[in-house]
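Next come the chains, spelled out residue by residue.
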Amino acid sequence: MKVYVGVTSWPKRIATARETIESILSQSAHIDAVELNLFEGDFPKGRADLPTSLTRLEAIYNNFHIYFHKRDLKVWLKSVPSIRRHSGEDYTLFTLDDDCIYDREYVLEGLLSLDSGNYDVINNQSGVCKDGVWQGIAGEYMAYRSAFLEKCRPYLTDDFCEKVMVDDCCWFWLFRKFNVRQAPRTRDGLARDRLLGYSYRRCFKDGDPATMTKNNGDYPMERLVKEMEIIHQAGI
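Note that this is a predicted model, so its numbers are computed, not measured.

Caption draft 1: Summary view of the confidence of the model for the chain. Summarising the model, the chain shows a mean pLDDT of 80, and 76% of its residues fall at 70 or more. Ignoring residues within four places in sequence, the model shows residues 126–139, a span with pLDDT below 50, making 43 contacts including any to other chains.

Printed below as a string of structure tokens:
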């Protein structure tokens, strides 16, 4: 089984994306490809708009690839292009953020957790609704087996992805629809506090992890309700 990592970024974060990418490329586990999927509208000159320190990694690591996409799939750029690119393959896809430094054992422990119970997914993203606003909690751990992703692929069209930005809600309903076996957050699998502890596993480059919710953006409840309607209208 192959292992792929999907990442995306945008102009405000691209200057430090190299640090994230290098931490992924330095994992102890073998990774067949780290795929940085970017919206070409954010970088109209292509690689010329990217830091040289980042593009140079393509020449150093033969498993690092940069792709540009015509449609702005936003957060879905982490996953959907890679799902389409590897359709028909047997693989595990990790979708990682561009604002973190990952511990060398991060991917390995994810794979061991999936293997420990023949699970379909790990999804430890959390969120809360406070004062009518959906607030994402930084620190998700997300990995998916290809058998599940292949079932999802027909639903994740460009038009759908451009309308639905709260992807964690969509994944939740896809989990329910296909009755996935989800790796536990307990010590029996991967303990969230161990793997996602801000001081132990991931060093946020923006500083205080408490600021990450604000940086990632809050979702007004009316927008969340509208996107939920789109999700259900799509048959999810």
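Next comes the rest of the description.
Caption draft 2: Structural view of the pairing of strand S1 (residues 2–8). Extensive coverage of S1 is indicated by the burial of 6 of its 7 residues. Note that S1 and strand S4 (residues 91–95) share 5 bridges and pair parallel. Among the inter-strand pairings, Val-5 is bridged to a residue of S4, identified as Phe-94. Of the pairings in the sheet, the one linking S1 to strand S2 (residues 33–39) comprises 5 bridges and is parallel in character. By the bridge assignment for S2, Thr-8 is matched with Asn-37. Handedness of the crossover joining S1 and S2 through helix H1 (residues 17–25): right-handed.

Caption draft 3: Region of the structure containing the packing of aromatic side chains. Scanning all chains against the criterion turns up 12 aromatic pairs. Ring centres of Trp-76 and Trp-171 lie 5.6 Å apart, and the angle between their planes is 50°; on these two criteria the pair is classed as tilted. Placement of Trp-76 in the loop between strand S3 (64–69) and helix H3 (80–85) and of Trp-171 in helix H7 (residues 167–178) is noted, with a sequence separation of 95 residues between them. With respect to burial, Trp-76 and Trp-171 carry one shared label: buried. Between the aromatic rings of Trp-171 and Phe-175, the centroid separation amounts to 6.5 Å while the plane-to-plane angle is 25°, which identifies the pairing as stacked. Of the two residues, Trp-171 and Phe-175 both sit in helix H7, 4 residues apart, roughly one turn of that helix. With a relative accessible area of 1%, Trp-171 lands in the buried category. Overall, Phe-175 belongs to the buried group, its relative accessible area being 8%.

Caption draft 4: Structural context of empty space enclosed by the protein. In total, this model carries 1 cavity of 30 Å³ or more according to the counting rule given. If you add up the space inside the largest cavity, you get close to 30 Å³. Surrounding the largest cavity, Val-75, Lys-78, Ser-79, Thr-95, Met-142, Tyr-144, Asp-167 and Trp-171 form its lining. Looking at the lining of the largest cavity, the elements with two or more residues in it are strand S9 (142–145) and H7. Among the residues forming the lining of the largest cavity, the class breakdown is 4 nonpolar, 2 polar and 2 charged.

Caption draft 5: Representation of the side chain of Ser-82 in the model. Position of Ser-82 among the secondary structure elements: in helix H3. If sequence neighbours within four positions are ignored, Ser-82 has contacts with Gly-6, Glu-35, Asn-37, Tyr-91 and Leu-93.

Caption draft 6: Spatial organisation of the state of the cysteines. What the rule picks out here adds up to 0 disulfides. With no disulfide of its own, Cys-152 lies closest to Cys-170 among cysteine sulfurs, the gap being 7.9 Å. Residue Cys-152 is classed as buried on the basis of its relative accessible area, which comes to 0%. As a non-bridged cysteine, Cys-161 has Cys-170 as the owner of its nearest cysteine sulfur, 7.6 Å distant.

About the cut-offs
Residues numbered from 1 in each chain as written. Predicted model: local features only at pLDDT ≥ 70, side-chain atom pairs only at ≥ 80, totals over all residues. Heavy atoms only, no water. pLDDT = per-residue confidence, 0-100. Contact = heavy atoms within 4.5 Å. Buried < 20%, exposed > 50% of the residue type's maximum accessible area, 1.4 Å probe, protein only. Helix = DSSP H or I, 4+ residues; strand = E, 2+ residues; numbered from the N terminus. Pairing = 2+ DSSP bridges. Right-handed = clockwise from strand over helix to strand, strands pointing away. Phe/Tyr/Trp six-rings, centres within 6.5 Å; stacked < 30°, edge-to-face > 60°. 1 Å grid on protein atoms, 1.4 Å probe; cavity = no way out; pocket = protein on both sides within 12 Å on 5 of 7 lines; lining within 4 Å. Points joined across faces, edges and corners; volume = space filled by probe spheres on them. Nonpolar A, V, L, I, M, F, W, Y, C, P; charged D, E, K, R; others polar. Disulfide = S-S within 2.5 Å.

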